[in-house]
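Topology and contacts: notes
So the chains spell out like this:
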Amino acid sequence: MAKVLSNRLRSVIGSVISETQFEFVKDRQILDGILVANGVVDEARKPNKELMLFKVNFENAYDSVDWGYLDDVIGRMRFSVLWRMWIKECINTATSFVLVNGIPTNEVPMKRGLRQGDPLSPFLFLLAAEGLVILMTSMVEANIFMGYSVGSSNSVAVSHLQFTDDTLLLCVKS
């Protein structure tokens, strides 16, 4: 079931998540995001503008995804109840066990996190990370966080870029 859902998500994920996320999206390369970040840094160096670049690494990101939060995010993205039920079924069936002196213990049900190696996990992580994108976008729109403007005539503000479990926040130093 996870493979079927991941194949379906792969074809639409680019239209569901924002353009600031680069990983696991068809026709987007992680190098594109790196080039954007590099362009911003180069722009800041030329006229001696000041740039604040803050890199956040979500350590063990897959292990820390809260299932209730993920369900809330995909619900707000208007995924159908049936899709949400299928996704819940895929993640709620996760179990683990511990090796004690080489002998496995009884299975332990998991309460959070995404399975490493599961074809659905990268897409579910992108959906979970979209919550941060939405928060950053609303902060920029409310002028609470100001992105860094690139260009002179038709300037574009870049406030954040996401690469799997790394996020760059970019703004004018203040």
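The present account deals with the structure reproduced in this document. (Residues numbered from 1 in each chain as written. Predicted model: local features only at pLDDT ≥ 70, side-chain atom pairs only at ≥ 80, totals over all residues. Heavy atoms only, no water.)

**Notes on the packing of helix H1 (residues 2–16) against helix H5 (residues 121–141)**
Where H1 contacts H5, the axes come no closer than 10 Å and their chain directions differ by 30°. Classified by the angle between their axes, H1 and H5 sit roughly parallel to one another. The two elements H1 and H5 meet at a crossing, and its hand is left-handed. Where H1 approaches H5, its residues Ser6, Leu9, Arg10, Ile13 and Val16 are matched on the opposing element by Phe123, Leu126, Leu127 and Glu130. Here the residues of the contact of H1 with H5 sort into 6 nonpolar, 1 polar and 2 charged. (Axes fitted to C-alpha atoms, helices over the stretch in contact; angles between N-to-C directions. Helix = DSSP H or I, 4+ residues; strand = E, 2+ residues; numbered from the N terminus. Parallel < 35°, antiparallel > 145°, perpendicular 65-115°, else oblique. Left-handed = near helix turned anticlockwise from the far one by under 90°. Contact = heavy atoms within 4.5 Å. Nonpolar A, V, L, I, M, F, W, Y, C, P; charged D, E, K, R; others polar.)

**What to know about the nonpolar core**
Ranked by size, the top nonpolar core spans 25 residues in total, and within it Leu70, Phe79, Leu114, Leu120, Leu124 and Leu127 carry the most contacts. Leave out the neighbours within four places in its chain, and Leu127 touches Ile13, Val16, Ile17, Leu70, Val73, Ile74, Met77 and Phe79. Counting residues in each nonpolar core, the second largest holds 9 residues, with Ala37, Tyr148, Val158 and Phe163 among its members. (Core = buried A, V, L, I, M, F, W, Y, C linked by side-chain atoms within 4.5 Å. Buried < 20%, exposed > 50% of the residue type's maximum accessible area, 1.4 Å probe, protein only.)

**Looking at the pairing of strand S8 (residues 160–163)**
Alternating residues of S8 divide into His160 and Gln162 and Leu161 and Phe163, and every residue in both groups is buried. Taken together, the 4 bridges between S8 and strand S9 (residues 166–172) define a ladder with antiparallel strand orientation. Bridge pairing in S9 places Leu161 opposite Leu168. Between S8 and S9, which pair antiparallel one after the other, the connecting turn spans 2 residues, and Thr164 there sits at a positive phi close to 50°. (Pairing = 2+ DSSP bridges.)

**Comments concerning the environment of Leu169**
Along the chain, Leu169 falls in strand S9. Remark: the alpha-carbon pair of Leu169 and Ala94, spanning 75 residues in sequence, is separated by 33 Å. Setting aside residues no more than four positions away along its own chain, Leu169 makes contact with Met52, Leu53, Phe54, Met136, Phe145, Ser159 and His160.

**Let's talk about the pattern of salt bridges**
Inspection of the entire model under this criterion finds 4 salt bridges. Notably, a salt bridge pairs Lys55 with Asp166, separated by 3.4 Å at the nearest N-O pair. Of the two residues, Lys55 is situated in strand S1 (residues 51–57) and Asp166 in strand S9; the sequence distance between them amounts to 111 residues. Two residues, Asp71 and Lys88, come together in a salt bridge whose shortest N-O distance is 3.5 Å. A residue pair is termed long-range when its members are at least 10 positions apart, and Asp71 in helix H3 (residues 67–76) and Lys88 in helix H4 (residues 81–92) qualify at 17 residues. (Salt bridge = Lys/Arg side-chain N within 4 Å of Asp/Glu carboxyl O.)

**Some thoughts on the sheet that holds S8**
An order of S1-S9-S8 is seen for the 3 strands of this open sheet, with the pairing classed as antiparallel. The outermost strands of the open sheet, each flanked by one partner alone, are S1 and S8. Averaged over all pairs of adjacent strands, the angle between strand axes in this sheet comes to 15°, irrespective of strand direction. Two elements, S1 and S9, share 7 bridges in a ladder whose sense is antiparallel. Counterpart to Leu53 in the pairing with S9 is Leu170.

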